[in-house]
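Inside the fold
Read off the chains here:
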Amino acid sequence: MTSGLGYPDVRRELTDLHLELPKNGLVTWTSGNISARVDGGMLIKPSGVTFENLTPQSMVMTDLNAKVLEGQHSPSSDSATHAYIYRHLPDVGGIVHTHSPYATAWAAQGREIPCILTAMADEFGGPIPCGGFALIGGEQIGAEVVRVLSGHRSPAIILQSHGVFTIGPTPGAALKAAVMAEDVARSVFLAMQLAASLGTPVKTLDPADIDRLYDRYQNVYGQR
């Protein structure tokens, strides 16, 4: 039970999804968060609370200007970022932020993750783009996420010198994108190391093949 707090099912879902972040090696200590869009605002992780100590009651509800509406804790320091994304991308229902190590290594270099794997074409429809640097705490990061991902097939972005943001129609979908982003970031990194040791280039996929793979995965693969 959530003692009368709104959206108890979403609160429970967010609590469970947050546990997947350390389980999948996407966060260290408290350095990540997940949010969900709800009527009139969003629910988001409280600031500085470890994942194992999260409860449905501890999730904070804010409006889409990051003003607290419900909750006993301060919301995540990324709340303004999440709120900005929800305001400007109405199809987004969930957002995940991580500092997962391999994807963040690409962000530290300010380089997009090139599409050299069918798994990337399937999930991201091309490279994972890299946005510019923006300071934490305000709406600048959200504005950069929206600028880069608007009209882009990728549900993931890495931000220069920062980390990863993923979006989806649900928090679960955004979490999947975050897990996959780290997985392909690691594989591409290893491929680049192997190419350097062998003295051979790493080939990106042909754009037409990327389109075919993306369409198959998004519209045919799995149960319908």
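All of the points below concern the structure found in this document.

Conventions we followed
Per chain, residues are indexed from 1 in the order of the written sequence. In keeping with the model being predicted, local features are shown solely for residues with a pLDDT of at least 70 and side-chain atom pairs are shown and tallied solely at 80 or more, while totals for entire chains, interfaces and linings include all residues. With hydrogens and water excluded, all non-hydrogen atoms of the structure serve as input to the side-chain values. Strands were regarded as paired on the criterion that DSSP finds at least two bridges between them. Here a strand is any run of E in DSSP of at least two residues, a helix any run of H or I of at least four, and the numbering for each starts at the N terminus. For this analysis, residues touch if any pair of their heavy atoms sits within 4.5 Å. Geometry is summarised by axes, namely lines fitted to C-alpha atoms with helices restricted to the contacting stretch, and by angles between N-to-C directions that run from 0 to 180 degrees. In these notes, a set of buried Ala, Val, Leu, Ile, Met, Phe, Trp, Tyr and Cys residues joined through side-chain atoms within 4.5 Å is what counts as a nonpolar core. With a 1.4 Å probe rolled over the protein chains alone, any residue whose accessible area is under 20% of its type maximum counts as buried; one over 50% counts as exposed, and the rest are partly exposed. The salt bridge definition used is simple: a Lys or Arg side-chain nitrogen within 4 Å of an Asp or Glu carboxyl oxygen. Here a polar contact is taken to be a pair of N or O atoms separated by no more than 3.5 Å, where protein atoms must pair a possible hydrogen donor with a possible acceptor and residues adjacent in sequence count only if both atoms sit in side chains.

As for the sheet that holds strand β5 (residues 94–98)
One open sheet accounts for eight strands, arranged β4-β3-β2-β1-β5-β8-β7-β6; its pairing is mixed. Each edge of the sheet is formed by a strand with only one pairing partner; in this case those strands are β4 (68–70) and β6 (130–131). The pairing of β5 with strand β8 (residues 164–168) spans five bridges and is classified as antiparallel. Bridge assignment links H97 to a residue of β8, and that residue is F165. Along the sheet, helix α3 (residues 101–109) contacts β7 (156–159) and β8; its crossing angle with β7, the most-contacted strand, is approximately 55 degrees. Running at roughly 130 degrees to β7, helix α5 (residues 140–149) makes contact with β6, β7 and β8 of the sheet.

Topic: the nonpolar core
As a rule of thumb, nonpolar side chains are buried together in soluble globular proteins. One finds I85, I95, V145, I157, F165 and I167 to be the most contacted residues of the largest nonpolar core, which totals 20 residues. Elements with a contribution of two residues or more to this core: β2 (41–44), α2 (79–88), α5, β7 and β8. Residues L14, L21, M61 and A178 belong to the second largest nonpolar core, which totals 19 residues.

Examining unusual backbone geometry
One non-glycine residue with positive phi stands out, namely W29, at about 55 degrees. Counting through the fold element by element, W29 comes out in the loop between α1 (8–23) and β1 (33–38). You can call W29 exposed: its relative accessible area is 66%. Look at A66: it is not a glycine, yet its phi comes out positive at around 70 degrees. By secondary structure assignment, the location of A66 is in the loop between β3 (60–62) and β4. Taking relative accessible area as the criterion, A66 reaches 22% and is therefore assigned partly exposed.

With respect to the pattern of salt bridges
Going through the model one piece at a time under the given rule, you end up with 10 salt bridges. Between K23 and E20 there is a salt bridge, with the nearest N and O atoms lying 3.1 Å from each other. On the criterion of helical spacing, the pair formed by K23 and E20 is a turn pair, its members being three residues apart in helix α1. Residue K23 is classed as exposed on the basis of its relative accessible area of 62%.

Structural notes on the side chain of T15
You can see T15 is positioned in helix α1. Within the structure, the side chain of T15 is placed 2.8 Å from the backbone oxygen of R11, a separation counted as a polar contact. Here T15 is in contact with L54, T55, P56 and M59, once residues within four sequence places are set aside.

Re the side chain of R11
Note that R11 resides in helix α1. On the basis of relative accessibility, which here comes to 0%, the residue R11 falls in the buried class. Within polar-contact distance, the side chain of R11 engages the backbone oxygen of G6 at 2.7 Å. A distance of 2.7 Å separates the side chain of R11 from the backbone oxygen of M59, its partner in a polar contact.

Some points on the pairing of β2
In this structure, β1 lies alongside β2, joined through four bridges in antiparallel fashion. Residue pairing for β2: S35 is matched across the bridge by I44. A loop of two residues connects β1 with β2, the two strands running antiparallel in sequence, and G40 in this loop sits at a positive phi of about 85 degrees. With three bridges joining them, β2 and β3 adopt antiparallel strand pairing.

Details of the environment of L19
Note that L19 resides in helix α1. Taking the relative accessible area as the measure of exposure, L19 reaches 37% and is therefore partly exposed. Sequence spacing of L19 and T62 is 43 residues, and the spatial spacing of their C-alpha atoms is 22 Å. Each residue touching L19, except ones within four places of it in the same chain, is listed here: F51 and E52.

Don't take any of this as a statement about function, it's just geometry.
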